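Structural overview for review
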Amino acid sequence: MVLIIDKIHARRKEFKTEREATTTTTTLLAASTPRQPPVDNDIVPSHIRNRPHRPSPVARADGMPPDSEDDDEARRHHAGTAAIRPGWYYSFEFFPPKTEPGLDNLLTRIDRMSRRLDPLFISVTWGACGSTLSRTLAVASHAQRFACVDVLLHLSCTGLTREQVARVLGMARGAGVRNVLALRGDPPQGKRCWKEGDVSGGECHRAIDLVRLIRQLHGDYFGVGVAGHPEGHPSSGKGEKGRETEMRHLKEKLDAGAEFIITQFFYDVNVFMDYVRRCRKAGIDCPIIPGIMPIQSYSSLLKMTQFCGISVPSSVIARLERVRHDDEAVKKIGCEIATEMCQKILTLSQSKGVESGVDTTVDGFHFYTLNLERSTTRILANLGAVDVLSESGGSLRDRHGDKNGLDVVPEGCEHDADAKDRNGNGSTSGRERQGSISEQARSTRRVLPWKPSAMENRSKEDVRPINWSNRPKSYVMRTDDWDEVSF
């Protein structure tokens, strides 16, 4: 049970020394490289002088020099990931399914993704007017106790009284949850979308009222996040006046006790970076975590972006248009687009912040998984955050080069858990389900043989009996009432 804001600051501090060491090493290497004598451009033929510089070949994973188009792709991907400084983090969003089989499938997936991909935290969504209360808390409690990952609980104030909000917060605290994303929520029943000046219909009219209530009832016990809208919230109005109104409301929520921002998804990186700069100029200096939604199909992209008022660059549409009827091809290109977005954000947030004198640092991403795992895993593998192992134990990068998009899927990974629908009720078309790509992924940050618990009473656990892994969930349940001295 750790506050997310504390984990973000601790991660920044942890990697500060490594980043400084990397910079120092680069400087020393540059200083030790023998200087070449100056070249007199007057004696160099113009067709040679103006030729663009060709980068040095990037060695293949098997030690052989690059000699194919695949290696050119690997070189481009290496150039992108090499510019990313270490220490960035990621988190996942899940929503509670409507059925019991779907819930069981989701809990298994959260266990797998938390253990092997090692997110900083996960978030669990909240249904309109608390309609998913029991399932939301069930998912949150399971993730804290058994998946050993800190949970950010979505909580919206639409249609709820202050007493109902207080009861939910008490239940969350009892489940071990220490982080809340305070939201106004979906429009009240009967309304398709928010309009300028709308309020929630409950006793907390806006998210700022919910933030204040959380702080009033529980002080600093909960870490509180709020939503950000790079392209503007419908109820804030349009134009420059609407942007100023929204920025003022956001600043008020942070002044009331919120500690970080998670943004609505987007597909235009320039829009997001402009949003970060506007936040900084408005005096908002908290972490801003961009929301990334991998594209799953062409039709869902159009539907979601239209419903949420999200613009899609013409370049993205052009890449998807030619394969719009092939969902697998759309997913592959969607992974490439999301990878490029993350790379661009990480590099721009470093360089532009230095150039402009405004701290636009962005060092984390929140993936809207839609309860699916393959796309998110592929994106993280593309970014070098995880290694995807083959059945023989080697990395796919060792077998196929560092290919952007992980085009070559190892045998046995073609039909993963994403073949089921998001509620877990589908089938694998009569074929036996085989291992998913995330089942072969391994985080690069494992320390103990087990993932450290997210529950406060197990926070210092560093010893387990040798047979704990035979029945890990049973072991956790049987030792839940042990105090810290026992571990």
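Keep in mind it's a predicted model, so treat the numbers as computed, not measured.

**With respect to the environment of Y267**
If you trace the backbone, Y267 turns up in the loop between β6 (260–265) and α9 (269–281). Sequence separation of Y267 and A338 is 71 residues, and the distance between their C-alpha atoms is 8.2 Å. With residues near it in sequence (within four places) discarded, Y267 still touches M293, I295, L301, T305, I310, S311, V312, P313 and M341.

**Things to note about unusual backbone geometry**
Although it is not a glycine, D118 sits at a positive phi angle of roughly 55°. Positive phi values are uncommon outside glycine, yet C148 reaches one of about 60°. Position of C148 relative to the elements: it lies in the loop between α5 (133–147) and β3 (151–156).

**Comments concerning the packing of aromatic side chains**
Taken as a whole and judged by the stated rule, the model has nine aromatic pairs. For the ring pair Y221 and F222, a centre distance of 5.0 Å and an interplane angle of 90° mean the geometry is edge-to-face. Ring geometry for F265 against Y267: centres 5.9 Å apart, planes inclined by 70°, an arrangement best described as edge-to-face. Across the pair, Y267 and F265 agree in class, each one buried. Lying over the aromatic face of Y221, R173 brings its terminal NZ or CZ to 3.7 Å of the ring centre. We note R178 situated over the ring of Y221; from NZ or CZ to the ring centre the distance is 4.5 Å.

**Quick word on helix α7 (residues 207–218)**
Given 3.6 residues per turn, any residue in an α-helix points the same way as the ones three and four places further on. Between its first and last C-alpha atoms α7 spans 16 Å; for twelve residues at 1.5 Å apiece the expected length is 16 Å, and the two agree. Among the residues making up α7, those that are buried are A207, I208, L210, V211, L213, I214, R215 and H218. Where α7 ends, the next residue or the one after it, G219, has phi of about 60°, a positive value.

**Let's talk about the pattern of salt bridges**
Opposite charge on two side chains permits them to pair, given that their charged atoms come into close proximity. The final tally for this structure, using the stated rule, is 14 salt bridges. Among the ionic pairs, R12 bridges to D363, the shortest N-O distance being 2.7 Å. In this pair, R12 is assigned in helix α1 (residues 4–32) and D363 in the loop between α12 (327–356) and β8 (364–368), connecting sequence segments 351 residues apart. Connected through shared salt-bridge partners, R109, R112 and E373 make up one network.

**Comments concerning the sheet that holds strand β7 (residues 288–292)**
The parallel closed barrel is built from eight strands, whose spatial order is β1-β2-β3-β4-β5-β6-β7-β8. On average, each strand axis in the sheet is tilted by 30° relative to the strand beside it, whichever way the strands run. Sheet topology note: the strand β4 (residues 179–183)/strand β5 (residues 223–228) ladder contains four bridges and is parallel. By the bridge assignment, L181 is partnered in β5 with G225.

**Re the side chain of K331**
Among the secondary structure elements, K331 is positioned in helix α12. By relative accessible area, which is 15% here, K331 ends up buried. Not counting the four nearest positions on each side in its chain, K331 is found in contact with I295, Q296 and R374.

**Considering helix α13 (residues 374–382)**
Burial within α13 is extensive, with nine of its nine residues counted as buried. Among the residues making up α13, those that are buried are R374, S375, T376, T377, R378, I379, L380, A381 and N382.

**So, the confidence of the model for the chain**
A residue-level look at the chain finds 59% of positions with pLDDT of 70 or above and a mean pLDDT of 75. Ranking the elements of the chain by mean pLDDT puts helix α2 (residues 46–49) last with 33 and β7 first with 98. This stretch, residues 35–79, has a pLDDT under 50; its non-local contacts, to residues over four places away or in other chains, come to 29 contacts. Counted against residues more than four places away or in other chains, residues 426–436, with its pLDDT under 50, gives 21 contacts.

About the cut-offs
- Residues numbered from 1 in each chain as written.
- Predicted model: local features only at pLDDT ≥ 70, side-chain atom pairs only at ≥ 80, totals over all residues.
- Heavy atoms only, no water.
- Helix = DSSP H or I, 4+ residues; strand = E, 2+ residues; numbered from the N terminus.
- Contact = heavy atoms within 4.5 Å.
- Phe/Tyr/Trp six-rings, centres within 6.5 Å; stacked < 30°, edge-to-face > 60°.
- Buried < 20%, exposed > 50% of the residue type's maximum accessible area, 1.4 Å probe, protein only.
- Lys NZ or Arg CZ within 6 Å of the ring centre and 35° of its normal.
- Expected span 1.5 Å × (residues − 1).
- Salt bridge = Lys/Arg side-chain N within 4 Å of Asp/Glu carboxyl O.
- Pairing = 2+ DSSP bridges.
- Axes fitted to C-alpha atoms, helices over the stretch in contact; angles between N-to-C directions.
- pLDDT = per-residue confidence, 0-100.

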